[in-house]
Amino acid sequence: MYKDTYKGIFCTQLQTPVPKDDADVPQALHALAQILEQEHQNISAFILEPLIQCAGNMHFYGADFVKQATQMCQERGILVIFDEIAVGFGRTGSLFAYQQCGVKPDFLCLSKGITGGYLPLAVVLTSDAIYDKFYAPYAQNKSFLHSHSYTGNALACACANATLDLFGQGVVEQNKMLSRYIQTCMQEQLAPLKGVKNLRTCGMVFAFELEGYQGSKRLSLAVYQKGLEFGLLLRPLGNTIYFMPPYTISPDEVLKSVGAMAGIVRALT
Ligand SMILES: *Cc1c(COP(=O)(O)O)cnc(C)c1O
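- Naming follows an unreviewed UniProt entry, where the chain appears as Adenosylmethionine-8-amino-7-oxononanoate aminotransferase of Helicobacter gastrocanis.
- Taken verbatim from the UniProt record of the chain, the Cofactor (unreviewed entry) comment is "pyridoxal 5'-phosphate".

Things to note about the sheet that holds strand S8 (residues 205–210)
In step 1: With antiparallel pairing, 3 strands are arranged side by side in an open sheet as S7-S8-S9. Bordering the open sheet on either side are strand S7 (196–202) and strand S9 (240–243), each of which pairs with just one other strand. Strand-to-strand twist across the sheet, computed as the mean angle between neighbouring axes with direction ignored, equals 15°.
In step 2: As paired strands, S7 and S8 are joined by 5 bridges and run antiparallel to one another. Paired with Cys 202 across the two strands is Val 205, which belongs to S8.

Focus: the packing of aromatic side chains
In step 1: As enumerated under the stated definition, the model contains 8 aromatic pairs in all.
In step 2: With 5.6 Å between their ring centres and 10° between their planes, Tyr 6 and Phe 10 make a pair best called stacked.
In step 3: The class for Phe 10 is exposed, based on a relative accessible area of 52%.
In step 4: With a centroid separation of 6.2 Å and 15° between ring planes, the pair formed by Phe 96 and Tyr 98 is classed as stacked. The residues Phe 96 and Tyr 98 share a single accessibility class, namely buried.
In step 5: It is Arg 200 that lies over the ring of Phe 60; its NZ or CZ is 5.3 Å from the centre.

About the cut-offs
- In this convention, every chain numbers its residues from 1, walking through the sequence in written order.
- Reporting in this predicted model follows two pLDDT cut-offs: at least 70 for local features of residues, and 80 or more for side-chain atom pairs to be given and counted; totals over whole chains, interfaces and linings ignore these cut-offs and use all residues.
- Based on all heavy atoms of the structure, the side-chain values leave hydrogens and waters out of the count.
- UniProt positions are given in the numbering used here, feature names are shortened, and annotations may be inferred rather than shown by experiment.
- At least two bridges found by DSSP between two strands are what make those strands a pair.
- Elements are defined by DSSP. Helices are runs of H or I of four residues or more, strands are runs of E of two residues or more, and each kind is numbered from the N terminus.
- Comment: axis = line fitted to C-alpha atoms, over the contacting stretch for helices; angle = value between 0 and 180 degrees taken between N-to-C directions.
- We call Phe, Tyr and Trp rings a pair once their centres come within 6.5 Å, taking the six-membered ring for Trp, and we label the pair stacked below 30 degrees between planes, edge-to-face above 60, and tilted otherwise.
- Note on classification: 1.4 Å probe, protein chains only; a residue is buried when its accessible area is under 20% of the maximum for its type, exposed when over 50%, partly exposed between these limits.
- Lysine and arginine charges are scored as sitting over a ring when NZ or CZ, respectively, is within 6 Å of the ring centre and within 35 degrees of the ring normal.

See the structure below:
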C-alpha cells in the first residue's frame with residue numbers, strides 16, 4: 001500500500017511473502033527460494049527488517065527465518081540490507097536485532113534510536129569492501145559520488161554520542177526487566193479482554209490485534225481518538241495496536257498506559 005504512489009518510478013522490486021509468525025516460516029522460505037532460483041541474476045540486494053516487520057503490521061518472525069533468508073541470498077552473491085531503523089538500539093532485546101540471528105548483513109540501516117529520537121540522524125554501516133567502492137579512483141570515474149548537505153551534522157552526532165553513552169551504562173540489560181514487567185501488566189490487564197488477540201512481545205515492542213470492533217469509523221482512527229481521551233497517543237496499523245515505549249518509562253507510567261489501553265479496548269469492543 002505504501003508503495004503504490006511510487007509505482008513506475010523505482011527500479012523493479014520483487015516481493016517475497018512475509019511470515020506473519022513462526023508457522024509461516026517454511027512457506028516464506030520456500031517462496032524466497034523460488035524467487036532466487038528464477039531471478040537471482042537480476043537481483044542486486046535483499047532488504048529485510050530483522051525479527052519484526054514494523055510498519056507492515058508488527059509481524060514477529062524468529063531469528064531462524066532471518067538467518068536462513070540471509071544465507072540463501074548471500075550464497076548467491078546477493079547483498080543483504082537489514083533495515084534496523086525501527087528495531088536497532090535495543091528494541092528487540094539486543095543492541096541490534098541481527099545479533100540474535102547468527103548472520104551479518106552487508107548493509108545495516110540505523111536511525112530513530114541512535115539519537116534517542118531527539119534529533120534526525122541516519123547511518124548506514126557496511127563492510128570495508130563496499131565502503132571502499134565509494135573511494136575508488138576519482139579519475140577513473142569509478143568512485144560512487146554520493147553525499148548530503150548535512151552529512152555528519154555536528155549537533156545530531158553529539159546527540160548520538162550522548163545516547164550511545166547511555167547504552168554503555170547497561171540500558172539493554174535493564175530493559176529485560178522492564179520488558180518483563182510490561183509483559184506481566186499486559187497479561188493481567190489486556191490478555192483477558194475478548195477484543196485482544198495475539199498479544200505478543202519482542203524485547204521492548206508489544207503488540208496485539210483488536211477484534212470485534214463494530215464502529216463506523218476507521219478502526220485506527222477510532223483507537224487514536226479514544227487514545228487521546230485516555231491520555232495516550234497511539235498510531236495503530238490497521239487493527240494492530242502496538243506499544244514501543246521509551247526506555248525511560250517508569251513503572252507508574254506503564255500501569256497508566258496499559259490501563260488506558262485496556263480502557264480503549266473496552267470502549268471499542
Ligand atoms: C521510520 C522507518 C523508516 C524511515 O526512515 P527515514 O530515516 O525516516 O527515511 C524506514 N524503515 C523503518 C523500519 C522505519 O521504522
